[in-house]
Amino acid sequence: MDYKAWPSLPKMLFDRADGVGDQNVLWSKRGGKWSPLTWAQLVARVRNLAKALIARGVEPGARVLLVCENRPEWVIAHFAIMSAGAVTVPAYTTNTERDYAHLLTDSGACGAILSSAALGKRFLPAASEAPACGFVIALEEQPTEAGTAVDLASWTAEEAIGERADVDLDARIEALKPDDACIFIYTSGTGGTPKGVMLSHRNILTNCGSAHDLLSAFGLEDQHQVFLSFLPLSHSYEHAAGLCFPLSIRADIYYAESVEQLSANIAEVRPTFMTAVPRLYESMHQRILLGLKRQSSLKQSMFHKTLALGLKRHAGERLGFFERAQDSLLERLVREKVRQRFGGRLQAFVSGGAALNPEIGDFFRALGLTLLQGYGQTESAPVVSCNRPQKVKMSSVGPALAGVEVAIAEDGEILVRGDNVMLGYWGDPESTARVIKEGWLHTGDVGYLDEDNYIHITDRKKDIIVLSGGDNVSPARLEGLLTMEPEIEQAYVAGDKRPHLVALLVPSKAVIDEWAKEKGVAAGLSALAGDSAFQDRVGEAVERMNRKASVLERIRRFIVASEPFTIENEMMTPTMKIRRHKIKAAYGDRLEALYERKGG
């Protein structure tokens, strides 16, 4: 498949729809039942909405905000905006009114497409104050109390207008060039104010082509592929790997109901591929181990033996005669049942968006699931590298994808060059010049290339903790080790310019419930955060982690958080990465107080 032959994403969509109009492509749950949208329905609705946008005066290069949950309408709106020659500016559904105001003002959006009434309550007041926002096309009836000074129109009515509109949509599509911006994806704000990353059609199509090269080892054309999408489509990872790439290979895409329903949806949909962030795999790992405790001693023994033999085999160690016989038997008794829990036809999980603890990856591989860890950034559209199916190194993020160059700077920073590198930051040439120098994207990550040119990431330049003795420590690595312990759900490690490390911990729900039942006390985290005996229980997990870490990496003291890190309290991004600056603002004083104790 020649991805370079398509000058734009709309051309790719219409080309792939040609001749398969009656086939299903997008699926969503309605009334408890999966309902499909065919290729013919998809392209017809894209064309109608695009023509309506042109009739409204949307010009090539204009920005249109998209505020919508993961659903087929997100896809329709995105491709309609691009087909009109405009640029999609997707927003997270978890955004606050202030967040929406920033996106509208910073992007200079001429209008917006909005889905639900619930989102309208937060979005419409921001749209009313945005100087350039002239219209909002809403899928659902919006609350009158939200009020808006902009033209509020019905999506259904707009599609009908577009169907009748006498505008030359094909001319707009033909005018699209590979290096035209097609989407502004705003960074998640883990370190401050989000910036608009300008990505072109070429950027996205290059990533799709690289993904095809990577996954061709699974025989993409040998069976019909099915993707289950649950990460926000407004994130670059899901946009490229969970939407554009599946469409390019005519795969079915199902939109999960929620993270809570994900396990049930996996069983129903039986995906062949899934893209996810490490947080999902960490949660699955914890649930599997907690569920194992409820099994018989025989089943626990079989599980642990399966895990041990799988780890030994993947480490390249030779299995003895009896071990090979055991491994073969456990393949049928344990691993096959594990695979069935994930639908029975899953070819691979692909992990990205943050660093995956190698132990988590080895755990799933030992149980018979293929897990490929990759690496990328929004600025690289987004994937840079990924482990190859033929050779997996869980301690690395794999070699560079086809068409991508990677180099290591003198200070160890990872540099990236290729057609996947962004056009720049919207309206911010100074920041663009700081990260793109002579065509090389300076990622801000530190690492090295091994003998197979697999990339190993050792640190994040901005996130490195420098202890008062001058030693460098990676907090992300230690946070990963802490959350490997079943008692700890989330962790934040601090200690910059201090003699040792401290941590803020969120205990797992299981240990909270177990403690509350045993002691006959309230089960809420806020009620237990100040309980010294409960802190001692959590401290046992910290001590186990410390035994795995070097002296410099050990956590000397910790506090228990008063609530979990969530998207709602802004301590996590929509893709489940912690917002370090938000956590520091909320708990910084309490963490600093740990150093004031005796011996601090």
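Reading the values: rules and limits
Residues numbered from 1 in each chain as written. Predicted model: local features only at pLDDT ≥ 70, side-chain atom pairs only at ≥ 80, totals over all residues. Heavy atoms only, no water. 1 Å grid on protein atoms, 1.4 Å probe; cavity = no way out; pocket = protein on both sides within 12 Å on 5 of 7 lines; lining within 4 Å. Points joined across faces, edges and corners; volume = space filled by probe spheres on them. Helix = DSSP H or I, 4+ residues; strand = E, 2+ residues; numbered from the N terminus. Nonpolar A, V, L, I, M, F, W, Y, C, P; charged D, E, K, R; others polar. Axes fitted to C-alpha atoms, helices over the stretch in contact; angles between N-to-C directions. Parallel < 35°, antiparallel > 145°, perpendicular 65-115°, else oblique. Left-handed = near helix turned anticlockwise from the far one by under 90°. Contact = heavy atoms within 4.5 Å. Pairing = 2+ DSSP bridges. Salt bridge = Lys/Arg side-chain N within 4 Å of Asp/Glu carboxyl O.

**Q** So what's going on with empty space enclosed by the protein? Residues and values would help.
**A** Rolling a probe over the atoms, with the probe sized like a water molecule, indicates the empty space that remains. The full count for this structure, using the stated rule, is 1 cavity of 30 Å³ or more. The space that makes up the largest cavity amounts to roughly 40 Å³. Lining the largest cavity, in full, are Leu26, Ser28, Arg30, Ser35, Pro36, Leu37, Arg45, Pro72 and Glu73. Those elements that provide at least two residues to the lining of the largest cavity are strand S1 (24-30), strand S2 (33-38) and helix H3 (72-83). Taken together, the residues that form the lining of the largest cavity break down as 4 nonpolar, 2 polar and 3 charged.

**Q** Mind laying out the packing of helix H12 (residues 297-314) against helix H13 (residues 321-341), listing which residues take part and the relevant values?
**A** Packed helices, taken two at a time, are described by their axes: the angle between them and the distance between them. At their nearest, the axes of H12 and H13 sit 10 Å apart, and the two run at 120° to each other. One finds that H12 runs oblique with respect to H13. In the crossing of H12 with H13, the sense of the turn from one axis to the other is left-handed. Along its contact with H12, which presents Met302, Phe303, Lys305, Thr306, Leu309, Gly310, Lys312 and Arg313, the element H13 presents Glu323, Gln326, Asp327, Leu330, Leu333, Val334 and Arg335. When grouped by side-chain class, the residues that make up the contact of H12 with H13 number 6 nonpolar, 3 polar and 6 charged.

**Q** Can you break down the sheet that holds strand S26 (residues 555-560) residue by residue, with the values?
**A** With mixed pairing, 3 strands are arranged side by side in an open sheet as S24-S25-S26. Looking at which strands have only one partner, the edges of the open sheet turn out to be strand S24 (488-494) and S26. Ignoring strand direction, the axes of neighbouring strands in this sheet form an average angle of 30°. Sheet topology places S24 next to strand S25 (residues 501-507); 6 bridges connect them, and they run antiparallel. Of the residues in S25, the one forming a bridge with Ala494 is Val502. With respect to the sheet, helix H16 (residues 475-484) is in contact with S24, S25 and S26, its orientation differing from that of S24 by roughly 155°.

**Q** Mind laying out the pattern of salt bridges, listing which residues take part and the relevant values?
**A** The full count for this structure, using the stated rule, is 35 salt bridges. We note a salt bridge from Glu540 to Arg537, for which the minimum N-O separation is 3.4 Å. Of this pair, Glu540 and Arg537 both sit in helix H19 (residues 532-548), separated by 3 residues, roughly a single helical turn. Through salt bridges with shared partners, a single network forms among Glu485, Glu487, Glu514, Arg537, Glu540, Arg544 and Lys548.

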